[in-house]
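Structural features, examined
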Amino acid sequence: MTVIVQPTIAEAARVAAQKIAQAMRKKPNLVLGLATGSTPLRLYEELIRLHKETGLDFSRVTTFNLDEYLGLPPDHPASYRRFMQDNFFSKINLNPNHTFVPDGLTQDITRHCREYEALIKSCGGIDIQVLGIGSDGHIGFNEPTSSLASRTRDKALAEQTRRDNARFFASLDEVPHGCITMGIGTILESRKCLLLAFGQNKARVVAEAVEGPVTSMIPASALQFHADASFIVDEPAAANLKLRAYYDQAFANELLGS
Ligand code: PGA
């Protein structure tokens, strides 16, 4: 596990965007796993800037989103398809046919999830998976006690998650109770994971995920089993990390080597 602490959200987003841009320059048909929520917004802004100012080319990139609410149509203001469309897809030169988000209106969830997994495989697997972390430690919508071997499936949302996400809806009552999410096993198969976490309300779960035991009570702790997972965090989110000096030294060495 690598931990990169940056003074501000803007700088953390820049570090993550540089890693993705570098990978895209090496492999123009990169397969990117994407996340929603407030956290990745600054990353998307930075990638849009790189597209506009340096010509970063998304034309051959394929994207797979982690999750979607069950019961929301793609054009619902709070759906994750709409979030991606408004905040990222419409602002870069991605081929719309190469953007995949689980279908929250599917009539056959089991089949849809199986097909989503098969589609990821047929594209060669995910090269870089972007992740946020819920205040309860979830990645994707894999809530605490999710199987660490889980695959794409439907899942009930934890009440904490519904409350955290109520800000995107008119009221708490409107937040769906279910979702489709890539599983933890699916996420662990991506070649690289970049988890972003900002703000003091993430400090506890970040420390538990990085320095605590691997446990399904903190699903992000499963990333300790991943060979190439980085947590990119701002100062407030790093506040509870015990080995901070070590992480800073390791990142300084990485910069020297690059
Ligand atoms: P947030 O959500 O970025 O809005 O804090 C993170 C998550 O639930 O994964």
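Residues numbered from 1 in each chain as written. Predicted model: local features only at pLDDT ≥ 70, side-chain atom pairs only at ≥ 80, totals over all residues. Heavy atoms only, no water.

Some thoughts on the sheet that holds strand β8 (residues 178-181)
Our working rule: Criterion used throughout: strands pair if DSSP finds at least two bridges between them. Where helices and strands are cited, they refer to DSSP runs of H or I of at least four residues and of E of at least two residues respectively, numbered from the N terminus. In this description, a line fitted to the C-alpha atoms serves as the axis of each element, helices being fitted only across the stretch in contact, and the angle between N-to-C directions of two axes falls anywhere from 0 to 180 degrees.
Read across the sheet, 3 strands follow the order β4-β8-β7 without closing on themselves; strand pairing throughout is antiparallel. At either end of the open sheet lies a strand with only one pairing partner, and these are β4 (67-69) and β7 (153-156). Strand after strand, the sheet turns through a mean of 30 degrees between neighbouring axes, direction not considered. Relative to β8, β7 runs antiparallel, the two being bridged by 4 bridges. Bridged to Ala-156 within β8 is Gly-178.

Let's talk about the packing of helix α1 (residues 9-26) against helix α2 (residues 41-54)
How two helices sit against one another is set out by the angle between their axes and by the gap between those axes. Note the following rule: By definition in this entry, angles of less than 35 degrees are roughly parallel, angles greater than 145 are roughly antiparallel, angles of 65 to 115 are roughly perpendicular, and the rest are oblique. Here a crossing is taken to be left-handed if its near helix is turned anticlockwise relative to the far helix by less than a right angle, and right-handed if that turn runs clockwise. The contact rule is simple, with two residues in contact once any of their heavy atoms fall within 4.5 Å. Residue polarity is assigned by list, with Asp, Glu, Lys and Arg as charged and Ala, Val, Leu, Ile, Met, Phe, Trp, Tyr, Cys and Pro as nonpolar; anything else, Gly included, falls into the polar class.
Taken N-terminus to C-terminus, the directions of α1 and α2 make an angle of 55 degrees; their axes are 8 Å apart at the nearest point. Relative to α2, the element α1 lies oblique. Both α1 and α2 take part in a crossing whose hand is right-handed. For the pair α1 and α2, contact is made by Ile-9, Ala-10, Ala-13, Arg-14, Ala-16, Ala-17, Gln-18, Ile-20, Ala-21 and Arg-25 and by Arg-42, Leu-43, Glu-46, Leu-47, Leu-50 and Thr-54, respectively. Residues that form the contact of α1 with α2 fall into these classes: 10 nonpolar, 2 polar and 4 charged.

Some words on the sheet that holds strand β10 (residues 229-234)
Here 7 strands make up an open sheet; going across it, the order is β1-β10-β9-β6-β2-β3-β5 and the pairing parallel. One side of each edge strand has no neighbouring strand; the edge strands of this open sheet are β1 (2-6) and β5 (99-100). With 5 bridges connecting them, strand β9 (residues 192-197) and β10 associate as parallel partners. From the neighbouring strand, Ala-197 faces β10, where its bridge partner is Val-233. Sitting on the sheet, helix α4 (residues 109-122) is in contact with β3 (62-65) and β5, with an inclination near 150 degrees to β3. Sheet strands touched by helix α7 (residues 203-211): β1, β9 and β10. Its angle to β10, the strand with the most contacts, is close to 155 degrees.

Here we look at the site of the ligand
In plain terms, the rule: It suffices for a single heavy atom of a residue to lie within 4 Å of a molecule or strand for the residue to be listed as near it. Under this definition, polar contacts are N or O atom pairs within 3.5 Å; protein pairs additionally need one hydrogen-donor-capable and one acceptor-capable atom, and for neighbouring residues in sequence, both atoms have to be side-chain atoms. Each accessible area is a Shrake-Rupley result for a 1.4 Å probe, and residues are judged covered by the shown protein chains and nothing else.
As a structural note, the neighbourhood of the ligand is formed by Gly-37, Ser-38, Thr-39, Gly-132, Ile-133, Gly-134, His-138, Arg-167 and Lys-202. For the ligand, an oxygen atom lies 2.4 Å from a polar atom in the side chain of Thr-39. Burial of the ligand by the protein amounts to 84% of the accessible area it has alone, namely 280 Å².

Here's the deal with the state of the cysteines
Heads up, the condition is: Cysteine sulfur atoms are paired as a disulfide whenever they come within 2.5 Å of each other.
Tallied over the full model, the rule gives 0 disulfides. Here Cys-123 is not cross-linked by a disulfide; its sulfur's nearest cysteine counterpart is in Cys-113, at 17 Å.

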